[in-house]
Amino acid sequence: MGEFKVHRVRFFNYVPSGIRCVAYNNRSNRLAVSRTDGTVEVYNLSANYFQEKFFPGHESRATEALCWAEGQRLFSAGLNGEIMEYDLQALNIKYAVDAFGGPIWSMAASPSGSQLLVGCEDGSVKLFQITPDKIQFERNFDRQKSRILSLSWHPSGTHIAAGSIDYISVFDVKSGSAIHKMIVDRQHMGVSKRKCIVWGVAFLSDGTVISVDSAGKVQFWDSATGTLVKSHLIANADVQSIAVAEQEDSFVVGTAEGTVFHFQLVPVTSNSSEKQWVRTKPFQHHTHDVRTVAHSPTALISGGTDTHLVIRPLMEKVEVKNYDAALRKITFPHRRLISCSKKRQLLLFQFAHHLELWRLGSTVATGKNGDTLPLSKNADHLLHLKTKGPENIICSCISPCGSWIAYSTVSRFFLYRLNYEHDNISLKRVSKMPPFLRCALQILFSEDSTKLFVASNQGALHIVQLSGGSFKHLHAFQPQSGTVEAMCLLAVSSDGNWLAASGTSAGVHVYNVKQLKVSIGLNVPACISLCHVLPQVFEYSIPDKQYTDWSRTVQKQGFHHLWLQRDTPITHISFHPKRPMHILLHDAYMFCIIDKSLPLPNDKTLLYNPFPPTNESDVIRRRTAHAFKISKIYKPLLFMDLLDERTLVAVERPLDDIIAQLPPPIKKKKFGT
């Protein structure tokens, strides 16, 4: 396979935003996640937990609640007082409606999915009707004395429970009147607290209301009489979130101590029909507050300040013990935050509100395989480009020649020309961008840096000619009539003649850049080179307009069982420019080179050997054993690509560096300290 010199980069100081709320959709098996910077992500749990959709954040948008409604519609609400609906095809915000109740703290869709309920800062509970095009205000419920921090519908849709400060209210939906007010106990560890905040409520079919509060308690209430039935003290700090299974046989809560507790409804005795709620399992997969939880049919999902999205499978619900039964921690986005200028050996790092340009270090030292070589010249921080306004950056890219930088926010597209003079760098913005380039979801330069490809949020693909310090719009590939499908992935051939794009419907379109026409439409959930979010790899021949013989062999023989059990999606794939038989790909924990000239491994073959080779013959044997050559040295791996035929650049982001920059967790006394 040959040896590579690897630039191991660890100065990308990226810290993901914490997770504020999640919403699980049982029908589509998708999970919506909102972060503290206003970013909203949608994960497809059926496709290896791939982050298939992304809505950029905004400084003024502090999202406090997410929910799914009928027709796979996604809504959010937050402290700016607005309710927003997201367009899941065009990947933008459809509209925003002011609820006129101040900041919104909670939101819940009715069991039928046709109504939306929000709880506001001024103590009002507002009901909205969900129409095909928008939402329409219906009426207010009885106003309460303090903010409404949590809401839950009874499964019949006739009553709701609302958690506030020091009490829980039960409303009749038809009249809008409060029929019960249940006062929560302020006692915490024998001491009376000044206030008790009800962070979450859940309304069950039998009329039981479950509440979680700042006194560390999980309490069960009878909504018919307004009385407390049972109380569990489970934490020395706030219990901040609750989610109930659809069958109502279990629920999960998250605490400010980073612990997730699982409660299950079990028989009182082995032969008894009477059941009771029992705390069965505690899980400590977080270092900080667990701000939100969700309960899918097969897993407990949690997220919080430590930025991790944790999916913990319920082993009794997982029928086949394969990779679906593995614990997952998703920390980093599945979209690209790093681009590379191979000619000048530059890296462009994307943050929420700025870009950083770095020049890689160099060395004149030599050594044997596995050696770490000392730098003769350190990496240089060349540029810090800050955006104006409150909007987050959606995407960015640097040209292979290093002379162009492009990035986009929701409302503006920016293109800059870079000039290099010795160790100095100057930046000039290209003014008067055309209005159709107002917002880009993906940006890509051709290998010769003469063309810029822009996927707009209106579904169009624009081709821009770059020459000198100016640009010229060449062509726009428009979406099919009646559809606005956002293109989430772009790839261009090394000769610049072919452009591949993949959209939200998971199809792949190939465009002839030379003749400016659509060449091929592939109805497969893949992306050319081609790589599936599931553990599959496809290869398609554009001249022959069919899958290659190697790809057909792979699909016929199948992959190694350990490869199929990988639980992280591949985030980058490419061909070696000088060796067309080599495919390079990576995910967050693995870098792999596939040699198509070698046989595929079967289940009896050792797919990955973690031990270094013992001698030269062992090296040769491993190189020729099978097609898959895997390295797990670099992790978490955010970016890896070829700089030249013999040089790789790998960008890592150690989790310990991220945790060190988070606010301190709640201090827990340990035995003997």
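Residues numbered from 1 in each chain as written. Predicted model: local features only at pLDDT ≥ 70, side-chain atom pairs only at ≥ 80, totals over all residues. Heavy atoms only, no water.

1. Thoughts on the overall build of the protein chain
Phase 1: Looking only at helices and strands, one finds four helices and 55 strands in the protein chain.
Phase 2: Its C-alpha atoms give the protein chain a radius of gyration of 27 Å, near enough to 26 Å, the size a compact globule of 673 residues would have.
Phase 3: Buried residues in the protein chain amount to 55% of all 673 residues.
Phase 4: Partitioning the intrachain contacts of the protein chain with sequence separation of at least 6 by distance along the chain shows that 47% fall at a separation of at least 24.
Phase 5: Within the protein chain, the 58 negative side-chain charges are centred at a point lying 4 Å from the centre of the 74 positive side-chain charges. (Helix = DSSP H or I, 4+ residues; strand = E, 2+ residues; numbered from the N terminus. Rg over C-alpha atoms; globule rule 2.2 N^0.38 Å. Buried < 20%, exposed > 50% of the residue type's maximum accessible area, 1.4 Å probe, protein only. Contact = heavy atoms within 4.5 Å. Lys, Arg positive; Asp, Glu negative; His and termini not counted. Charge placed at Lys NZ, Arg CZ, Asp CG, Glu CD.)

2. Notes on the packing of aromatic side chains
Phase 1: Applying the stated criterion across every chain yields a total of 20 aromatic pairs.
Phase 2: For the ring pair F538 and Y547, a centre distance of 6.0 Å and an interplane angle of 45° mean the geometry is tilted.
Phase 3: We classify F538 as buried; its relative accessible area is 15%.
Phase 4: Ring geometry for Y540 and Y547: centres 5.2 Å apart, planes at 90°, overall edge-to-face.
Phase 5: Residue Y540 is classed as buried on the basis of its relative accessible area, which comes to 13%. (Phe/Tyr/Trp six-rings, centres within 6.5 Å; stacked < 30°, edge-to-face > 60°.)

3. Points about helix α1 (residues 549–557)
Phase 1: For α1, the complete set of buried residues consists of W550, S551 and V554. In an axial view of α1, the angular spread of the buried residues amounts to 100°, which keeps them on one side of the axis. In α1, the exposed positions that point more than 90 degrees away from the buried face belong to D549 and K556.
Phase 2: In this fold, the buried residues of α1 make contact with β49 (546–547), β51 (582–586) and β52 (591–595).
Phase 3: Of the residues one or two after α1, G558 is the one with positive phi, at around 90°. (Arc of directions from axis to C-beta.)

4. Structural notes on the pairing of strand β26 (residues 260–267)
Phase 1: Bridging between strand β25 (residues 250–255) and β26 involves five bridges; their strand directions are antiparallel. Bridged to F251 within β26 is F263.
Phase 2: Connecting β25 to the next strand, β26, in antiparallel fashion are four residues, including G258 with a positive phi near 90°.
Phase 3: Pairing analysis gives eight bridges linking β26 to strand β27 (residues 275–283), with the strands arranged antiparallel. (Pairing = 2+ DSSP bridges.)

5. Considering the side chain of H626
Phase 1: Along the chain, the position of H626 falls in the loop between α3 (616–625) and β53 (628–631).
Phase 2: Note on H626: relative accessible area 5%, which makes it buried.
Phase 3: Side-chain polar atoms of H626 contact the backbone oxygen of L606, separated by 3.1 Å.
Phase 4: Apart from the residues lying within four places of it in its own chain, the contact partners of H626 are L598, P599, L600, P601, T605, L606 and L607. (Polar contact = N/O pair within 3.5 Å; in protein donor to acceptor, adjacent residues only side chain to side chain.)

6. Description of the nonpolar core
Phase 1: Counting 35 residues, the largest nonpolar core has L74, F413, L415, I443, F445 and L452 as the members making the most contacts within it.
Phase 2: Ranked by residues supplied to this core, first place goes to strand β40 (residues 440–445) with four residues.
Phase 3: With sequence-adjacent residues up to four places away left out, L452 is seen in contact with F413, L415, I443, L444, F445, H462, I463, V464 and L466. (Core = buried A, V, L, I, M, F, W, Y, C linked by side-chain atoms within 4.5 Å.)

7. Things to note about the environment of L638
Phase 1: Assignment of secondary structure puts L638 in strand β54 (residues 637–644).
Phase 2: For L638, a relative accessible area of 17% puts it in the buried group.
Phase 3: Along the primary structure L638 and H334 are separated by 304 residues, whereas in three dimensions their C-alpha atoms are 8.9 Å apart.
Phase 4: Filtering out sequence-adjacent residues up to four positions away, L638 remains in contact with F12, F332, I338, H586, V651 and R653.

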